[in-house]
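Spelled out from the first residue to the last, the chains are:
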Amino acid sequence: MTQGTLKIQVETVEQPKESNGSCPTAGNATSSGEKEEADVDPWALPELKDDGVKWSELTTYQKILRVALSILKIAILLLLLYVFVCSLDFLSSAFRLIGGKAAGGVLSKNELLSNPVVGLMIGVLVTVLVQSSSTSTSIVITMVGAELISVKNAIPIVMGANVGTSVTNTIVSLMQATERNEFRRAFAAATVHDMFNWLTVIVLLPIEKGTDYLFHLTKAILSSGNWEQNEHADREFLKKLTKPFTKKIIQLDKSVITAIAKQEESAKNLSLIKRCCKKNGTECIKNCEFLLRGLDWSDSLIGVLMLVLSLIILCACLMMLVKLLHTMLKGRIAVIIKKTVNANPRFPFSELMGYLAILIGAAVTVLVQSSSIFTSALTPLAGLGVISLERMYPLTLGSNIGTTATGMLAALAADKKHIAETLQLALCHLFFNISGIILFYPLPFLRFPIKLSKILGNTTAKYRWFSVFYLLMMFLVLPGIVFGLSAAGTVVLLAVGIPILIVFFFVIVINIIQRKKSTLLPKVLRDWNWLPECLHSLDPIDRLISRMLTVCSCCKDCCKTNNSTPGDKGPVSSSSEMNILDSHTRISPTGGVENKAFDDELKTPVIESKHM
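Residues numbered from 1 in each chain as written. Predicted model: local features only at pLDDT ≥ 70, side-chain atom pairs only at ≥ 80, totals over all residues. Heavy atoms only, no water.

Asks: How would you explain the nonpolar core if you had to name every residue and give the values?
Replies: Considering soluble globular proteins, one finds that nonpolar side chains tend to be buried as a cluster. The biggest cluster of nonpolar side chains holds 75 residues, and the ones touching the most others in it are I155, M159, I250, M306, L425, Y470 and F475. The element that contributes the greatest number of residues to this core is helix α2 (residues 116-130), accounting for nine residues. (Core = buried A, V, L, I, M, F, W, Y, C linked by side-chain atoms within 4.5 Å. Buried < 20%, exposed > 50% of the residue type's maximum accessible area, 1.4 Å probe, protein only. Helix = DSSP H or I, 4+ residues; strand = E, 2+ residues; numbered from the N terminus.)

Here is the structure:
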């Protein structure tokens, strides 16, 4: 015999008062299922079944129709991918117009770059501002070639650029926030890139600062051969396809950012928008022709316009891509694709599949010349459950290696007098990523990025607002604070940073012991319930956001009530009016509805009845 508990939550509905300006009170009607979601693995990929009619059972007309529809869907898919890549290019252009000069100004502060932590945060901020690690790395390599910065001081900046490049696919994952489990998988697939880069930096930056192993290793490699300049190094494989379209909308002069980084005073007053495409000395003999050329606006205003348009295009493309993939990922082909991508043969071949995925990720990233484009294209597939997080991880590692090809080509095109230094920095970028893979991939129990990204995925599935909070904190607020403290002086940075790091690592260690063997700890440290709730739970923030949105909804309803005629009954409040945050009303895989984060505070009456 099994005993279950059936919970029925009483719904209270209060009619709004007559138009006296008071706000109607909405009842909260939610029911809680017996089983928690923990009983079901939220990371299990959805099962794809071949429910279609077999090919042999189709008539000739149906066969022709199926083939025609498949070709049409593939054509639309390729078109959407093309527009998606172009929208990422527009997004990058928008960020360059808004923050490109600021990025160049940050890189020009040579007096701060001797501090490795400052260099790291500058790399993160600059890459976020220009939305391209390839661009920021190329600028740093150019600065090394111009003797504005040494190779040793440039290494932390390249490490930071590696971290900043993962912001794009994290933004892309937000487009799947409407469906909880899709968002869980998509956000985890995007942040596994972040977690790998941050962990690699945390481990390797102190080692590099203490031993200079990357510097000495790359110098030894370069001393073994003769390297020559290649001025015609082609760095725009994918852009040869997208540039004919994007240059009709906007054209930028990237050399202005480099000139500002080189501390050229005249460049500060120049516009990033490319007005002249051909010059004869100082005289322009051919003006550039593109759609936004006629706007007599500042770079920042045009950047804001580009940002809004690029986000609209990006969101529209992603929504259509997801819907199209939903229709295509049915039938026998989808089953084959899923089994092939996530193939996991017996040991030791299972490990070889991961290394094959790394090679594929590196090769594709070299072809498209952007790790952001590659990982951003895979993120929706991970959200749909076509690619597992365990397979997404090695593909991401491969893309990290592939993106270093751009820096290598930029180094080969640098001044031949300094080609050794520029190539050395590009090789440091390559071996930094290889070192990270050696640390966090070969041994399965050291694949911490997967575990951390799952924690982030679960958190964002429960609190949708956390995804935006994470983006702002990891890529803007935290680097900005560290950069500001560093500008105040090394003593200030250490005085503030060291206590925070000690507390941070203490909390991590205690959390691990609590999960593994809590009996080793004193009773007070076996959980964090003795702390104020805001220090060990996101629920207080969640309730605050819920109240704020509830107030906005109430104000809206009050306005409707005040504007209604005397004969109108006014809006009748229902339980749906309280379900403002989608993260609070969630249908579990078992069919029950999860409790809201603020159920306890509302203290809605609950009637429990037990049955055998």
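So that's the structure; there's more coming.
Asks: A description of the pattern of salt bridges should follow, citing residues and the corresponding values.
Replies: Scanning the entire structure with this criterion turns up three salt bridges. Note that E533 is salt-bridged to R543, the shortest N-O span being 2.8 Å. Of the two residues, E533 is situated in the loop between α19 (490-517) and α20 (539-563) and R543 in helix α20; the sequence distance between them amounts to ten residues. Take R543: its relative accessible area is 14%, and that puts it in the buried class. (Salt bridge = Lys/Arg side-chain N within 4 Å of Asp/Glu carboxyl O.)

Asks: Talk me through a nonpolar patch on the surface; I want residue IDs and the actual numbers.
Replies: Judged by side-chain polarity, I202, V203, I207, L439, L501, F504, F505, I508 and I512 come together as a nonpolar surface patch covering roughly 760 Å² of accessible area. At the level of secondary structure, the elements contributing two or more residues to the nonpolar patch comprise α6 (180-211) and α19. Within the secondary structure layout, F505 lies in helix α19. A relative accessible area of 44% means that F505 is categorised as partly exposed. (Patch = residues over 30% accessible without salt bridge, like charges linked within 9 Å, V, L, I, M, F, W, Y side chains within 5 Å. Areas by Shrake-Rupley, 256 points an atom, 1.4 Å probe, with all protein chains shown as cover.)

Asks: Residues and numbers for the packing of helix α3 (residues 133-145) against helix α16 (residues 419-440), please.
Replies: Between α3 and α16, the shortest axis-to-axis distance is 8 Å and the interhelical angle comes to 145°. For the crossing formed where α3 meets α16, the hand is right-handed. Residues T137, V140, I141, V144 and G145 of α3 form the contact with α16, whose own contacting residues are E421, T422, L425, A426 and H429. Residues belonging to the contact of α3 with α16 are distributed by class as follows: five nonpolar, four polar and one charged. (Axes fitted to C-alpha atoms, helices over the stretch in contact; angles between N-to-C directions. Left-handed = near helix turned anticlockwise from the far one by under 90°. Contact = heavy atoms within 4.5 Å. Nonpolar A, V, L, I, M, F, W, Y, C, P; charged D, E, K, R; others polar.)

Asks: If you had to explain the state of the cysteines to someone new, which residues and values would you point to?
Replies: One pass over the full model with this rule turns up zero disulfides. Lacking any disulfide linkage, C86 is separated from the closest cysteine sulfur, that of C317, by 8.9 Å. Looking at C86, the relative accessible area reads 1%, which means it is buried. (Disulfide = S-S within 2.5 Å.)

Asks: Go over α3 with me, naming the residues and quoting the values.
Replies: An α-helix turns once every 3.6 residues. As a result, residues three or four positions apart point the same way. Over its 13 residues, α3 runs 18 Å from end to end, which matches the ideal 18 Å to within 8%, given 1.5 Å per residue. For α3, the tally of buried residues reaches twelve of 13 residues, placing the bulk of the element in the interior. In the stretch just after α3, E147 is the one whose phi turns positive, near 60°. (Expected span 1.5 Å × (residues − 1).)

Asks: Give me the packing of helix α12 (residues 349-368) against helix α14 (residues 389-402): which residues, what numbers.
Replies: Remark: α12 packs on α14, axes separated minimally by 6 Å, with the N-to-C direction vectors making an angle of 40°. Taken together, the axis directions place α12 and α14 in an arrangement best described as oblique. Crossing handedness for the pair α12 and α14: right-handed. Counted together, M353, G354, A357, I358, I360, G361, A362, T365 and V366 of α12 and R391, P394, L395, L397, G398, S399, I401 and G402 of α14 form the full contact between these two elements. In terms of residue class, the contact of α12 with α14 is made up of ten nonpolar, six polar and one charged. (Parallel < 35°, antiparallel > 145°, perpendicular 65-115°, else oblique.)

Asks: Give a detailed account of the confidence of the model for the chain, specifying residues and quantitative values.
Replies: Summary statistics for the chain give a mean pLDDT of 75 and a share of 74% for residues scoring 70 or more. Here strand β1 (residues 4-9) is the element of the chain with the lowest mean pLDDT, 38, and helix α17 (residues 448-462) is the one with the highest, 91. Long-range and interchain partners of residues 1-38, a stretch whose pLDDT sits below 50, account for 86 contacts in this model, where long-range means more than four residues apart. Here residues 567-612 scores under 50 on pLDDT; set against residues more than four positions off or in separate chains, the count is 118 contacts. (pLDDT = per-residue confidence, 0-100.)

Asks: Tell me about a positive patch on the surface, residues and numbers included.
Replies: A contiguous patch of positive charge on the surface is contributed by K247, K248, K278 and K286. Note on placement: K247 falls in the loop between α8 (239-246) and α9 (255-261). (Lys, Arg positive; Asp, Glu negative; His and termini not counted. Charge placed at Lys NZ, Arg CZ, Asp CG, Glu CD.)

Asks: Break down helix α4 (residues 151-164) for me, citing the residues and quoting the values.
Replies: With 14 residues, α4 extends 20 Å from end C-alpha to end C-alpha; this agrees with the ideal 20 Å at 1.5 Å per step. Counting buried positions along α4 yields twelve of 14 residues, so the element is predominantly enclosed.

Asks: Run through the side chain of S166, naming residues and quoting values.
Replies: Within the secondary structure layout, S166 lies in the loop between α4 and α5 (167-173). Under the relative-accessibility criterion, S166 is labelled buried at 0%. Within polar-contact distance, the side chain of S166 engages the side chain of D194 at 2.5 Å. For S166, the contacting residues outside a window of four places in its chain are H193, D194, N197 and F475. (Polar contact = N/O pair within 3.5 Å; in protein donor to acceptor, adjacent residues only side chain to side chain.)

Asks: A description of the packing of aromatic side chains should follow, citing residues and the corresponding values.
Replies: A full pass over the atoms with the stated rule returns 15 aromatic pairs. Ring geometry for F183 and F187: centres 5.8 Å apart, planes at 65°, overall edge-to-face. Linking F183 with F187, this pair stays in helix α6, spanning four residues, or about one helical turn. In this structure F187 comes out as buried when scored by relative accessible area, which is 0%. (Phe/Tyr/Trp six-rings, centres within 6.5 Å; stacked < 30°, edge-to-face > 60°.)

Asks: Describe unusual backbone geometry, naming the residues involved and giving the relevant values.
Replies: Look at D212: it is not a glycine, yet its phi comes out positive at around 60°. Structurally, the position occupied by D212 is in the loop between α6 and α7 (213-222).

Asks: Please give an account of the side chain of S537 that cites residues and values.
Replies: Mapped onto the elements of the fold, S537 is located in the loop between α19 and α20. The class of S537 is buried, set by a relative accessible area of 18%. Among the polar contacts listed, one links the side chain of S537 to the backbone nitrogen of D539, at a separation of 3.1 Å.

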